[in-house]
Amino acid sequence: MSNEVFSALIALVGVAGSAGISYIVSFRQSSIELQKLRTELQTQLGSKLYEKRLEVYPELYVQLSTLVKIIEFGHITNKNLQDVFSRIQEWDTSNSIFFSSQTGYVCYRFRLMLADLVEQTDESLQQRFCNYAEKKELKDKIHELELALKHELGALHFESPINLKELEKFASYAEARKTSTQQDVSKKRKR
């Protein structure tokens, strides 16, 4: 083999090696830049979602607070429940897209319970809610939804749907819900 061919092969290997290394470096850099872009987009989306939640969640919270006051101090009637249920349904139609899956599920269960209540007569509602346990169960469902809303807004450092006195035990809403579910299961087993 002549020196010229040998030199050309060495140059070719150098160019191929250089091109391969350049490709690997540029691929890694583009992957890093793509990941940065995704993170930035997620941050922007999260920020806009939070702003929208901050704007619309208080409207639902007002309806929940109104319902608690009706239960606590007012006379529970079908018309009162119908009015609140209607406003909650209207709000949900426009704004439930901003819920996380957990809060959406809590709100859905709450609305199903209200839908059941609005089908009852004033007499049956009075009979049902003269019982302290029934009132407490309804208020607990309202508070569970309130806590879920507050959690998504970051209004609580951490919270427990079980009992507000137990706040120190939990680091997150999800952890408190898990504990609540486990306690419910163990109560059912004891029965």
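Residues numbered from 1 in each chain as written. Predicted model: local features only at pLDDT ≥ 70, side-chain atom pairs only at ≥ 80, totals over all residues. Heavy atoms only, no water.

### Let's talk about the overall build of the protein
Note the threshold: Strands here mean DSSP runs of E at least two residues long; helices mean DSSP runs of H or I at least four residues long; both are numbered from the N terminus. The buried label goes to any residue with under 20% of its type's maximum accessible area, the exposed label to any with over 50%, and the partly exposed label to all in between, with areas taken from a 1.4 Å probe on protein chains only. We call two residues in contact when some of their heavy atoms are within 4.5 Å. Computed by Shrake-Rupley with a 1.4 Å probe, the accessible areas treat only the displayed protein chains as cover when residues are assessed.
Secondary structure summary: the protein contains 6 helices and 0 strands in total. For the protein, the N- to C-terminal ordering of α and β elements is α-α-α-α-α-α. The buried share among the 191 residues of the protein stands at 28%. Taking as baseline every contact in the protein between residues at least 6 positions apart, the subset at least 24 positions apart corresponds to 63%. Total accessible area computed for the protein in this model is approximately 13100 Å², and 57% of it derives from carbon and sulfur atoms.

### Here we look at the side chain of Glu-152
Stated formally: As used in this structure description, the phrase polar contact means that two N or O atoms lie within 3.5 Å; if the pair is within protein, one of them must be able to donate a hydrogen and the other to accept it, and residues adjacent in sequence are counted only when both atoms belong to side chains.
Along the chain, Glu-152 falls in helix H5 (residues 132–153). A distance of 2.4 Å separates the side chain of Glu-152 from the side chain of Tyr-57, its partner in a polar contact. With near-sequence residues (within four places) excluded, Glu-152 lies in contact with Tyr-50, Arg-53, Tyr-57, Phe-98, Phe-99, Ser-100 and Thr-103.

### A look at helix H2 (residues 78–95)
Residues separated by three or four positions in an α-helix point in the same direction, a consequence of the helix having 3.6 residues per turn. We count it as follows: In a helix, the anticipated span is given by 1.5 Å times the number of residues less one. As used here, the arc is the angular range of directions from the helix axis to the C-beta atoms.
The terminal C-alpha atoms of H2, which comprises 18 residues, lie 25 Å apart, in line with the 26 Å expected from a rise of 1.5 Å per residue. Those residues of H2 lying buried are Asn-78, Leu-81, Val-84, Phe-85, Ile-88, Trp-91, Asp-92 and Asn-95. An end-on view of H2 places all buried positions within 160° of arc, on one side of the element. Those residues of H2 that are exposed and aimed more than 90 degrees away from the buried face are Lys-79, Glu-90, Thr-93 and Ser-94. In this fold, the buried residues of H2 make contact with helix H1 (3–73), helix H3 (101–118) and helix H4 (122–129).

### Focus on the packing of aromatic side chains
The description of an aromatic ring pair uses the distance of the two centres, along with the angle that the planes make with each other. Spelled out, the test is: Aromatic pairs are defined between Phe, Tyr and Trp rings, using the six-membered ring for Trp, whenever the two ring centres lie within 6.5 Å; interplanar angles under 30 degrees are classed as stacked, those over 60 as edge-to-face, and all others as tilted.
Applying the stated rule across the entire model yields 4 aromatic pairs. Taking 5.6 Å as the distance between ring centres and 45° as the angle between the ring planes, the aromatic pair formed by Trp-91 and Phe-99 counts as tilted. Residue class for Trp-91 comes out buried when judged on its relative accessible area of 5%. Since its relative accessible area comes to 12%, Phe-99 is described here as buried. Clustering of aromatic rings is evident, with ring pairs tying together Tyr-57, Trp-91 and Phe-99.

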